[in-house]
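Remarks on the overall topology
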Amino acid sequence: TWMGDPIRVLQLEVLLDVIKAEGLQASTVAAGQALYGGLSGLASKYPQLVHNVRGAGTLCAFDAPTVAARDALVGKFRNAGLNIMGCGVKAFRFRPNLIFGKEHATEAVALIDSVLA
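Presented here is a report on the structure given in the accompanying data block. Because the structure is predicted, anything quoted here is derived from the model rather than measured. (Residues numbered from 1 in each chain as written. Predicted model: local features only at pLDDT ≥ 70, side-chain atom pairs only at ≥ 80, totals over all residues. Heavy atoms only, no water.)

1. Examining the packing of helix α3 (residues 67-79) against helix α4 (residues 102-116)
Look at α3 against α4: their axes get within 10 Å of each other, and the N-to-C directions meet at 120°. Looking at the two axes, α3 sits oblique to α4. Here α3 runs over α4; the crossing is right-handed. Of the residues in α4, those in contact with Leu-73, Lys-76 and Phe-77 of α3 are Ile-112, Val-115 and Leu-116. Across the contact of α3 with α4, the residue classes tally to five nonpolar, no polar and one charged. (Axes fitted to C-alpha atoms, helices over the stretch in contact; angles between N-to-C directions. Helix = DSSP H or I, 4+ residues; strand = E, 2+ residues; numbered from the N terminus. Parallel < 35°, antiparallel > 145°, perpendicular 65-115°, else oblique. Left-handed = near helix turned anticlockwise from the far one by under 90°. Contact = heavy atoms within 4.5 Å. Nonpolar A, V, L, I, M, F, W, Y, C, P; charged D, E, K, R; others polar.)

Written out as structure tokens, the structure is:
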């Protein structure tokens, strides 16, 4: 089985200890709330550009109005310093690491806002 050898169990135990010791689960919940809330605010502010905000935790996404708009915005977001990717037909998807905190979510939303303004 994939990852079925005994060393993987030991690695998992260490990983779970780090997640618990560094409070990464609670941090991820707070970051996800900030990211989702910020994206929802952008959907209200820019309804012509930000649609269908969705997500769970920090795994969030939103849609652009068209494929062409999404593709153009990907480049603009990256040039502004935001590492974001397109997904599906016209969506943007966030899939950050566990160390992504509330401050990172706030910064990401501010960068998106500055590009859309």
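2. Some thoughts on the layout of surface pockets
The space that makes up the largest pocket amounts to roughly 310 Å³. Forming the boundary of the largest pocket are 14 residues, of which Leu-82, Asn-83, Phe-94, Pro-96 and Phe-100 lie nearest the centre. Across the lining of the largest pocket, the residue classes break down as eight nonpolar, three polar and three charged. (1 Å grid on protein atoms, 1.4 Å probe; cavity = no way out; pocket = protein on both sides within 12 Å on 5 of 7 lines; lining within 4 Å. Points joined across faces, edges and corners; volume = space filled by probe spheres on them.)

3. Observations concerning the environment of Gln-33
Structurally, Gln-33 is set in helix α2 (residues 24-45). Along the primary structure Gln-33 and Thr-58 are separated by 25 residues, whereas in three dimensions their C-alpha atoms are 7.7 Å apart.

4. A look at the sheet that holds strand β4 (residues 91-93)
Pairing in this open sheet of four strands is antiparallel, and the strands run β1-β2-β4-β3 from one edge to the other. Looking at the sheet topology across the chains shown, the edges are occupied by β1 (51-56) and β3 (85-87). Mean inter-strand twist for the sheet, computed between neighbouring axes without regard to direction, equals 25°. The strands that α2 touches are β1 and β2 (59-63); relative to β1, the one it contacts most, it runs at about 175°. (Pairing = 2+ DSSP bridges.)

5. Overview of α4
For α4, which comprises 15 residues, the first-to-last C-alpha distance of 21 Å matches the rise-based estimate of 21 Å (1.5 Å per residue) to within 8%. Along its buried surface, α4 packs onto α2, β2 and α3. (Expected span 1.5 Å × (residues − 1).)

6. Looking at a nonpolar patch on the surface
On the surface, a nonpolar cluster with roughly 270 Å² of combined accessible area is contributed by Leu-12, Leu-15 and Leu-16. Considering the arrangement of structural elements, one finds Leu-12 in helix α1 (residues 6-21). Given a relative accessible area of 43%, Leu-12 falls into the partly exposed group. (Patch = residues over 30% accessible without salt bridge, like charges linked within 9 Å, V, L, I, M, F, W, Y side chains within 5 Å. Areas by Shrake-Rupley, 256 points an atom, 1.4 Å probe, with all protein chains shown as cover. Salt bridge = Lys/Arg side-chain N within 4 Å of Asp/Glu carboxyl O. Buried < 20%, exposed > 50% of the residue type's maximum accessible area, 1.4 Å probe, protein only.)

7. Some remarks on the nonpolar core
As a rule of thumb, nonpolar side chains are buried together in soluble globular proteins. Counting 24 residues, the largest nonpolar core has Leu-35, Leu-39, Phe-62, Phe-77, Phe-92, Phe-94 and Ile-112 as its most contacted members. Elements with a minimum of two residues in this core: α2, β2, α3 and α4. (Core = buried A, V, L, I, M, F, W, Y, C linked by side-chain atoms within 4.5 Å.)

8. A word on the pairing of β1
Note that β1 and β2 share four bridges and pair antiparallel. Looking at the pairing, His-51 lines up with Asp-63 of β2. Turn length for the β1-β2 hairpin, with the two strands adjacent in sequence and antiparallel, is two residues, and the turn residue Gly-57 shows positive phi of about 60°.

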